[in-house]
Amino acid sequence: NTHVVLVDLGMGHLTLTGEPEAAVKVGMAQAVPDDVMINADLIKDLADVAKDQVLLQGVLMRVQESPNSSEVVTYAPFTLFPSPVPKAVFLQALAVQTHYNTLVDKISQDQDFLKEALASTIAVDDFAARLFRIHEQILKEGRSQSIVLGLNRSDYMLDQKDGASSLRQMEINTFAASFGGLSSRLPDVHRHILKVAGQLKQSQNILDNNPAAGLAKGIAKAWELYGSDKAVVMFLVEEKQRNIFDHRFIENELWMRNIPTVRKQFDDVYNTGFLDQDKRLFVDGHEVAVVYFRNGYMPQTYTSEQTWDARLLMERSRAVKCPDISTHLAGTKKVQQVLARPGVLEKFFPDQPEVVEQIRATFAGLYTLDMGPEGDQTVAMALAAPDQFVLKPEREGGGNNFYGSEICQVLEGVKDSTERMAYILMDKIEPKPVKNYLLKRDAPLQITNCLSELGTFGAYVRQGKNMVMNECVGHLLRTKSSEHSDGGVAAGVAVLDNPLLI
Ligand code: ADP
Ligand code: MG
Ligand code: MG
């Protein structure tokens, strides 16, 4: 019963575009010297070695043509070289993560705050409104599970407009934060590439990273507390499962602890799911201890009332939800904007000014578009200098934001109506580009101006009032061409990377 895995690598052409000399004047340290960076023959060889390495490590994705089959797979897109990240900001991001865990958890328990923060958004955004209705229903019925499992990823870019490097949070993902699995295997890939490139010393500067183990540790803790050996961890997955290998690394960590996992979809839950008299959730005959949502953050997922019913069934159940509906809402962009208002963080950490300071130090400028003079001011500010901002709707998954002239187009259409409340405005973060090669299937091999986004994975488990686990469990670096404003590996723009601390 052996599966033949035909690996489809695509054709890599080597084309050096632009002027390499200009490229090396960027000034930011690179992983390899300039002569390596522009040596076309060497780069071609390194790219071949690199693709074999990611395949050997299992940094894989299914192909678009057959997203539900592992007969033909390819590598997840990645950078040829690791990208430089200043050590101080890297450590800053790791250090603030447990505070973000605490913050998200506190927000999820503060119904008055959520209601007030999201009032304008849910007035105009049907998807957010629908989620909020589930949240209210659960509050009305009373939560049937006191164990809370949070697995999140806080994403940052470096603001380097004025020569400094300031860590700025893009957003925090409390729902289906991905690439913890694949990124766990990437350090060895870049170490190997650097050695082959003659950079042994640099190769030793690549940090270990194992979010898969840390995320699984959180899930395992929640499963143990649930307290039934036979109950499973249910990965709630999408219909098209290209990124299954990212999940598999976490599943494997659970199986190693003899914790059973199953993969189910919304339809499975709708068709076979039920709650027993104690609100225990059963799906396809399995008692579910933990629902780990890897799907359900986009409106398109909810194709019918049945999908919504399935979501509600899971939320009402005694299974531990990762995330529960309130923690899902705590990760919205509107909540992020409200948190940036003066005095709000202080309410969550009344006796910890140092925590407030540490979190606030990572905030970019965030502006309301609610009706009223403050929102009017935001509109005027954005229209006057659209290149300095990003306009964000309440959506997830990459590719939803507006930049530059698009901001004007959208705002001109909505600025006088309540529709504008579906968005927030944010300062645009501008890192300095660094040269690298992005290895993507069927894409030409060319030297590229790149921008990176750093993520840190948080894992926490609370039982009632007790935080029983609160950790930063790893990091993720994603890198994209500076030609693209929006990112996202799943969206096909960004690729996986490793930080090289400088
Ligand atoms: P999503 O939930 O869709 O991932 P993000 O807030 O992460 O939403 O935005 C998607 C992408 O847009 C980011 O990965 C980043 O590339 C870009 N982006 C978002 N916010 C900013 C910002 N303030 N400045 C510059 N780029 C941004
Ligand atoms: Mg997001
Ligand atoms: Mg994002």
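Keep in mind the model is a prediction, meaning the values are calculated, not measured. (Residues numbered from 1 in each chain as written. Chains lettered and ligands numbered in written order. Predicted model: local features only at pLDDT ≥ 70, side-chain atom pairs only at ≥ 80, totals over all residues.)

J.: Got a sec to walk through the pairing of strand 17 (residues 423-427)? Specific residues and values, please.
T.: Within strand 17, 4 of the 5 residues are buried, which leaves it mostly tucked inside the rest of the structure. By the bridge criterion, 2 bridges tie strand 14 (residues 366-367) to strand 17 in an arrangement that is antiparallel. Its bridge partner lying in strand 17, L366 is registered against M426. As paired elements, strand 15 (residues 389-393) and strand 17 share 5 bridges and run antiparallel to each other. Bridge assignment links F389 to a residue of strand 17, and that residue is D427. (Buried ≥ 20, exposed ≤ 12 C-beta atoms within 10 Å, placed from the backbone. Helix = DSSP H or I, 4+ residues; strand = E, 2+ residues; numbered from the N terminus. Pairing = 2+ DSSP bridges.)

J.: Go over the site of ligand 1 with me, naming the residues and quoting the values.
T.: Close to ligand 1 lie 19 residues; E171, E396, I429, D486 and G487 are nearest. Put simply, the parts of the chain that give the shell around ligand 1 at least two residues each are strand 7 (166-173), strand 15 and strand 17. (Near = placed C-beta within 6 Å.)

J.: Just give me the short version of unusual backbone geometry, but keep the residues and values in it.
T.: Put simply, C322 and P323 share a cis peptide bond, and its omega is 0°. Among the secondary structure elements, P323 is positioned in the loop between strand 13 (320-322) and helix 13 (325-330). Unlike most non-glycine residues, F179 shows phi in positive territory, near 75°. Residue placement: F179 occurs in the loop between strand 7 and helix 7 (186-196).

J.: Let's hear about the environment of D376: which residues, and what values?
T.: Looking at the secondary structure, you find D376 in helix 17 (residues 373-384). C-alpha separation for the pair D376 and G285, spaced 91 residues apart in sequence, amounts to 54 Å.

J.: How would you explain the nonpolar core if you had to name every residue and give the values?
T.: V59, A76, F78, I193 and L496 are the most contacted members of the largest nonpolar core, which totals 71 residues. Per element, the largest residue contribution to this core is 8 residues, and it comes from helix 4 (residues 87-108). Residues in contact with V59, not counting those within four places in the same chain, are V54, Y75, A76, F78, L182, R185, L186, V189 and L496. Y226, V232, V237 and I259 belong to the second largest nonpolar core, which has 49 residues in total. (Core = buried A, V, L, I, M, F, W, Y, C linked by C-beta atoms within 7 Å. Contact = placed C-beta atoms within 7 Å.)

J.: Give a description of the sheet that holds strand 15 that names residues and reports values.
T.: Read across the sheet, 4 strands follow the order 14-17-15-16 without closing on themselves; strand pairing throughout is antiparallel. Since the sheet does not close on itself, it has two edges, and those belong to strand 14 and strand 16 (402-403), each with one partner.

J.: Kindly report on the environment of T261, identifying the contributing residues and their values.
T.: Structurally, T261 is set in strand 9 (residues 261-264). Distance from T261 to E419, taken between C-alpha atoms, is 42 Å for residues 158 residues apart in sequence. In contact with T261, other than residues within four places in its own chain, are V232, V233, F235, E251, L254 and W255.

J.: Before we move on, can you summarise the confidence of the model for the protein with the specific residues and values?
T.: Considering every residue of the protein, the mean pLDDT works out to 93; 94% of them sit at 70 or more. With pLDDT under 50 throughout, residues 1-27 is counted as low confidence; its partners more than four residues away or in other chains account for 44 contacts. Predicted complex metrics record ipTM = 0.99 and pTM = 0.94. (pLDDT = per-residue confidence, 0-100.)

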